Amino acid sequence: MIVEALKCLGNLAYNSVKVQSICSGNETLDGIVRRLRMHPDANLPHPIKYFDVRLLFLISALSADVR
């Protein structure tokens, strides 16, 4: 269920400037980074890590405010 939500959010961030600005304005990116730092071992499934990193990349690549 988390993976599907991350897929949807990634697609929204890729296609919508408004979603990019919302994600950069609230604490979405901070939350993703915290989750990745808290679970450096195998506790967090790889698909979740993959889509977390994908979402971080999309927002940082497409939003000048985040860069």
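Overview of the structure. (Residues numbered from 1 in each chain as written. Predicted model: local features only at pLDDT ≥ 70, side-chain atom pairs only at ≥ 80, totals over all residues. Heavy atoms only, no water.)

1. Section: the packing of aromatic side chains
1) Next: The tally for this structure, following the rule as stated, stands at one aromatic pair.
2) Next: Consider the rings of Tyr50 and Phe51, whose centres lie 4.8 Å apart with planes at 80°: the pair is edge-to-face.
3) Next: Among the residues examined, Tyr50 registers a relative accessible area of 51% and is labelled exposed. (Phe/Tyr/Trp six-rings, centres within 6.5 Å; stacked < 30°, edge-to-face > 60°. Buried < 20%, exposed > 50% of the residue type's maximum accessible area, 1.4 Å probe, protein only.)

2. Details of the packing of helix 3 (residues 28-38) against helix 4 (residues 46-62)
1) Next: Direction vectors running N to C along helix 3 and helix 4 enclose 145°, while the axes themselves pass 10 Å from each other. In the crossing of helix 3 with helix 4, the sense of the turn from one axis to the other is left-handed. Contacts between helix 3 and helix 4 pair Leu29, Ile32, Val33, Arg35 and Leu36 from the former with Ile48, Lys49, Asp52, Val53, Leu55, Leu56 and Ile59 from the latter. (Axes fitted to C-alpha atoms, helices over the stretch in contact; angles between N-to-C directions. Helix = DSSP H or I, 4+ residues; strand = E, 2+ residues; numbered from the N terminus. Left-handed = near helix turned anticlockwise from the far one by under 90°. Contact = heavy atoms within 4.5 Å.)

3. Digging into the environment of Ile32
1) Next: You can see Ile32 is positioned in helix 3.
2) Next: Its relative accessible area of 5% is what places Ile32 among the buried residues.
3) Next: Sequence separation between Ile32 and Leu56 is 24 residues, and the spatial gap between their C-alpha atoms is 7.7 Å.
4) Next: Once residues lying within four places of it in the same chain are set aside, the contact partners of Ile32 are Asp52, Leu55 and Leu56.

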